[in-house]
Amino acid sequence: MHFNHSRTGGTLLNQKFTPQVLSGEDGLDNLAQLVRSYFRMGGHHIQFNVVTAETLREAQRQPEKHRDLIVRVAGYSDYFCDLTKALQDEIIARTEYQGF
């Protein structure tokens, strides 16, 4: 399968992983294979978020300790602690995936 990105003006692939998925040699190898495959298929841009839902919940409880935490929202990235509680909760719900 090949993506024809010239018809769409390019696309963005958003990927979310927990740190455990990318840990060790296997995790890094899987990530490298994913990236290489995506670009071989004509991919244009990938955005990665590597964070646990628990880290995000901790940032809600103690935002002063997580001011540098940036997350992908929907077409843009923003500081997690600057988002509304409702949007933070939505991002946490979307961050529960733990495998390929």
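Bridge count between strand S1 (residues 12-17) and strand S2 (residues 45-50): six bridges; the pairing is parallel. Across the sheet, residue Asn-14 finds its bridge partner in S2, namely Gln-47. The parallel pair S1 and S2 is bridged by helix H1 (residues 24-40), and the resulting crossover is right-handed.

Let's shift gears to the confidence of the model for the protein. With 85% of its residues at a pLDDT of at least 70, the protein reaches an overall mean of 86. Element-level pLDDT for the protein is lowest in S1, with a mean of 80, against a maximum mean of 95 in helix H2 (residues 53-61).

Further remarks concern the environment of Val-50. When you line up the elements, Val-50 lands in strand S2. When the C-alpha positions of Val-50 and Gln-20 are compared, they lie 9.2 Å apart, and in sequence the two are 30 residues distant. Each residue touching Val-50, except ones within four places of it in the same chain, is listed here: Phe-17, Thr-18, Pro-19 and Leu-22.

Parameters and conventions
- Numbers given to residues run from 1 along each chain, matching the order in which its sequence is written.
- Note on the predicted model: pLDDT of at least 70 is required for a residue's local features to be given, and 80 or more for side-chain atom pairs to be given and counted; whole-chain, interface and lining totals, by contrast, use all residues.
- Each side-chain value is derived from all of the structure's non-hydrogen atoms; neither hydrogens nor water enter the calculation.
- At least two bridges found by DSSP between two strands is the condition for calling them paired.
- By the criteria applied, helices consist of DSSP H or I runs no shorter than four residues and strands consist of E runs no shorter than two, each listed in order from the N terminus.
- For a crossover, the right-handed case is the one in which the path from the first strand over the helix to the second runs clockwise, viewed with the strands pointing away from the viewer.
- The pLDDT score gives, residue by residue, the confidence of the prediction method on a 0 to 100 scale.
- Whether two residues are in contact is decided by their heavy atoms, any of which lying within 4.5 Å being enough.

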